[in-house]
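Structural overview
If you want the building blocks of each chain, they are given just below.
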Amino acid sequence: MDTRLLEVHLVQEENKIELRMAYANLPNIRAIIETNKGFALQPPVNGATGQTFDELAPTDEVAQMVRIVRGTYEDSIDGADALIEQIRARYSEDELEIYLI
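These lines cover the structure that appears in this document, whether it is placed above or below. (Residues numbered from 1 in each chain as written. Predicted model: local features only at pLDDT ≥ 70, side-chain atom pairs only at ≥ 80, totals over all residues. Heavy atoms only, no water.)

To continue, consider the pairing of strand β5 (residues 61-68). Along β5, six of the eight residues are buried, which leaves the element largely enclosed by surrounding structure. Where strand β2 (residues 16-22) and β5 come together, seven bridges link them in antiparallel fashion. Note that in β5 the partner of M21 across the bridge is V62. The pairing of strand β3 (residues 39-41) with β5 spans three bridges and is classified as antiparallel. Each residue of the ladder has a partner; that of L41, found in β5, is V66. Bridge analysis of strand β4 (residues 45-46) against β5 gives two bridges, and the strand direction is antiparallel. Within the sheet, the bridge partner assigned to V45 lies in β5 and is A63. (Buried < 20%, exposed > 50% of the residue type's maximum accessible area, 1.4 Å probe, protein only. Helix = DSSP H or I, 4+ residues; strand = E, 2+ residues; numbered from the N terminus. Pairing = 2+ DSSP bridges.)

Set out below in structure tokens:
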């Protein structure tokens, strides 16, 4: 997966957001999310297989589920917008392209 790409998928019925990104971006993106009390991280998985990963190449796809903590954001659309704003504050568009899906 392109290391300059971050896909933000809405999972509205579960009040979750799924992030799909290159493995190389996982530590930085997780650090941004962990600083916000409105989100709770679930274990990342291999984006291609859905299984817990042992070792991936920097460009391999990782899927990171993020649960929205109730009372902070009304739904996953609000939560995704807030999360994108935080990530955008740390990365320029040349460094990371974000797509809301």
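For the rest of this paragraph, the subject is the environment of R88. Tracing the backbone through its elements, the reader meets R88 in helix α2 (residues 76-90). For the pair formed by R88 and I98, sequence separation is 10 residues and the distance between their alpha carbons is 8.2 Å. Other than its neighbours up to four places away in sequence, R88 contacts E93, L96 and I98. (Contact = heavy atoms within 4.5 Å.)

The next subject is helix α1 (residues 26-34). Residues of α1 that are buried: L26, I29, I32 and I33. Projected onto a plane normal to the axis of α1, the buried residues spread over an arc of 130° and lie on a single side. Pointing more than 90 degrees away from the buried face of α1 are the exposed residues P27 and E34. (Arc of directions from axis to C-beta.)

Time to look at α2. Helical geometry note: an α-helix holds 3.6 residues per turn, so side chains three or four residues apart project in the same direction. With 15 residues, α2 should reach 21 Å at 1.5 Å per residue; the first-to-last C-alpha distance of 21 Å fits that figure. Turning to α2, its buried residues number three or more, namely S76, G79, A80, A82, L83, I84 and I87. Along its buried surface, α2 packs onto β1 (5-11), β2, α1, β3, β5 and β6 (97-100). (Expected span 1.5 Å × (residues − 1).)

Relative to the elements of secondary structure, N25 occurs in the loop between β2 and α1. In this structure N25 comes out as buried when scored by relative accessible area, which is 12%. Only 2.6 Å separates the side chain of N25 from the backbone oxygen of T3, close enough to count as a polar contact. Ignoring anything within four residues of it in the chain, the contact list for N25 reads T3, L5 and L96. (Polar contact = N/O pair within 3.5 Å; in protein donor to acceptor, adjacent residues only side chain to side chain.)

This structure, assessed with the given rule, holds one aromatic pair. Look at Y23 and F53: their rings are 5.4 Å apart centre to centre, the planes differ by 80°, and that puts the pair in the edge-to-face class. Within this pair, whereas Y23 is found in the loop between β2 and α1, its partner F53 is found in the loop between β4 and β5, the two being separated by 30 residues in sequence. Its relative accessible area of 28% is what places Y23 among the partly exposed residues. Residue F53 is classed as buried on the basis of its relative accessible area of 17%. (Phe/Tyr/Trp six-rings, centres within 6.5 Å; stacked < 30°, edge-to-face > 60°.)

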